[in-house]
Amino acid sequence: PRSTGRRLTHPAHPSALDVTEKDFVVQYEVKLTEGLSCGGAYIKLLKDEPKLDIATMDNESPYVVMFGPDACGDTNKVHFILRHQNPISGEWEEKHAKETPSPRKDTKSHLYTLAIKADNSYEMFVDLESKAKGSLLEDMEPPVNPAKVIDDPNDSKPSDWVDEAQIVDPDATKPDDWDEDAPKKIPDMDATIPSDWLEEEADSVPDPSAKMPGDWDEEEDGEWEAPLVPNPKCKKVSGCGEWKRPEIENPEYKGKWSAPMIENPAYLGVWKPKQIDNPNYFVDEKPSNMARIGALAVEIWTTNGGIRMDNFLVDTDVDAALAFGKATWEAKSTLEAQSDVSAKKERARMAREKKREAGGAINMAQVYWGDAMEVANDNPIPAVITLIVLLFTLVFMCSGSSSKGKKGRPTNAAEEKVEEEEEDEDEDERDPLDVRE
């Protein structure tokens, strides 16, 4: 792991971050330029203490809060771990949030925010969207406040304690008619051979179309035999060859005999150690009053490279932190999205240029279509207006042609009258000497 950090105050730390009776928020950006297959990019807010030294800091340095994305193997979460001190024993214990969001693993910039309120509630945001929330008093594992009574560590189960609820019946014996050798399945004696079964025909026959290879030497390779193929005579019947009765379950089968289980008369129940008062019991009603924070450390371990982190913020104003994220990360995210669109368009344009150089009807059709779609995407309103004009023009032309055709076409009676008049005119104009039909 690689760790780096920055002190929040002067080493004398007269003004280390104290969140007593205050809200607390930590926020930062992560950009995985190579994605994430296995690794973590989280931060640790280090505990303020006289021996805190950035120069000698490592992953064992005491921290108050650990927060951030971690994904590898079965782990796939945004960590939130609170280190809390037992005031009786003096021990520092890690308390893990039960519900955690999943990290983002793509190559875009993402914003991670943890807010801890003075009322002991907490909330985690990813890209300014709330993804998990809970209570420091109810939703941490193990609980912040220990149990009032615990198992006696000095108590042990007596050697004669019987915790077997059932035992093998010592008085049971195998029945005389129990046949352990009876088969599980037997031939079905009621079955009969199908009427179309061809017992004289084999399931497989030599391939009649096969020929001996030209380089086959029977003296060295032995007698050549054609490979076997399914018998074509067996395709449309129930079967060929020797018929055997199908098997059914044996009603007499009982299997290997074993004695039944009975209730154990000596059973004493499940042993449990006796309960004693927890010597380290305490009640902290304000775990949000965390230890003073002296530095922010970045801890990175990964199989991928190119992890970038930016815009770290530690504050006591949650709304101000979210507003800062909106002004920084959201603007950056918008620019990245626009850059992605531009890069995609450039790749598509380069692909079309290759097709333009290659030529061909199909390639050119794809080039022209791609050019047109790019213009339409860049100028959606003019493209829509043009499409509407074309549609109206097409509809107008079609409707005009249709109505014109209907006006110029006479009724059947009119058609017959015109045809009769034309025939009369033809007869009047015919030469009396013309005898052609």
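Worth saying up front: this structure is predicted, and the values here are computed from it rather than measured. (Residues numbered from 1 in each chain as written. Predicted model: local features only at pLDDT ≥ 70, side-chain atom pairs only at ≥ 80, totals over all residues. Heavy atoms only, no water.)

## Here we look at the overall build of the protein chain
And step 1. Summing up its helical and strand segments, the protein chain has 5 helices and 20 strands in all.
And step 2. For the protein chain, the proportion of its 437 residues judged to be buried stands at 26%.
And step 3. Sequence-distant contacts, at least 24 apart, represent 74% of the contacts inside the protein chain between residues at least 6 apart. (Helix = DSSP H or I, 4+ residues; strand = E, 2+ residues; numbered from the N terminus. Buried < 20%, exposed > 50% of the residue type's maximum accessible area, 1.4 Å probe, protein only. Contact = heavy atoms within 4.5 Å.)

## Quick look at a negative patch on the surface
And step 1. Negative charge collects at one region of the surface, where Asp215, Asp217, Glu218, Glu219, Glu220, Asp221, Glu223 and Glu225 lie side by side.
And step 2. Checked against the element boundaries, Asp217 lands in the loop between strand 14 (204-206) and helix 1 (218-221).
And step 3. Judged by its relative accessible area of 31%, Asp217 is partly exposed. (Patch = residues over 30% accessible without salt bridge, like charges linked within 9 Å, V, L, I, M, F, W, Y side chains within 5 Å. Areas by Shrake-Rupley, 256 points an atom, 1.4 Å probe, with all protein chains shown as cover. Salt bridge = Lys/Arg side-chain N within 4 Å of Asp/Glu carboxyl O. Lys, Arg positive; Asp, Glu negative; His and termini not counted. Charge placed at Lys NZ, Arg CZ, Asp CG, Glu CD.)

## Re the state of the cysteines
And step 1. The tally for this structure, following the rule as stated, stands at 2 disulfides.
And step 2. With a sulfur-sulfur separation of 1.6 Å, Cys38 is cross-linked through a disulfide to Cys72. Measuring the twist about the S-S bond at about -75 degrees, one finds the Cys38-Cys72 disulfide to be left-handed. Taken together, the positions of Cys38 in the loop between strand 2 (24-32) and strand 3 (39-47) and Cys72 in strand 4 (residues 63-72) put the pair 34 residues apart, joining distant regions of the chain.
And step 3. Its relative accessible area of 15% is what places Cys38 among the buried residues.
And step 4. The exposure class assigned to Cys72 is partly exposed, which follows from its relative accessible area of 25%.
And step 5. Disulfide partner of Cys234: Cys240, at an S-S distance of 1.9 Å. With the S-S dihedral at roughly -120 degrees, the linkage between Cys234 and Cys240 falls on the left-handed side.
And step 6. If one numbers only the bonded cysteines of the protein chain, in the order they occur, the disulfide pattern is 1-2, 3-4. (Disulfide = S-S within 2.5 Å.)

## Remarks on the confidence of the model for the protein chain
And step 1. Of the residues in the protein chain, 84% have a pLDDT of 70 or more, and the chain-wide mean is 86.
And step 2. Confidence drops under pLDDT 50 across residues 413-419; counting only partners more than four residues distant or on other chains, this segment forms 2 contacts.
And step 3. Low confidence marks residues 429-437, where pLDDT is under 50. Its contacts with residues over four positions away, or in another chain, come to 0 contacts. (pLDDT = per-residue confidence, 0-100.)

## What about unusual backbone geometry?
And step 1. A cis geometry characterises the amide bond from Glu141 onward to Pro142, with omega recorded as -5 degrees.
And step 2. One non-glycine residue, Asn120, adopts positive backbone phi at about 80 degrees.
And step 3. Within the element layout of this structure, Asn120 appears in the loop between strand 7 (109-116) and strand 8 (121-126).
And step 4. The class of Asn120 is buried, set by a relative accessible area of 5%.
And step 5. Positive phi outside glycine occurs at Leu128, with the angle close to 70 degrees.
And step 6. Here Leu128 shows up in the loop between strand 8 and strand 9 (129-135).

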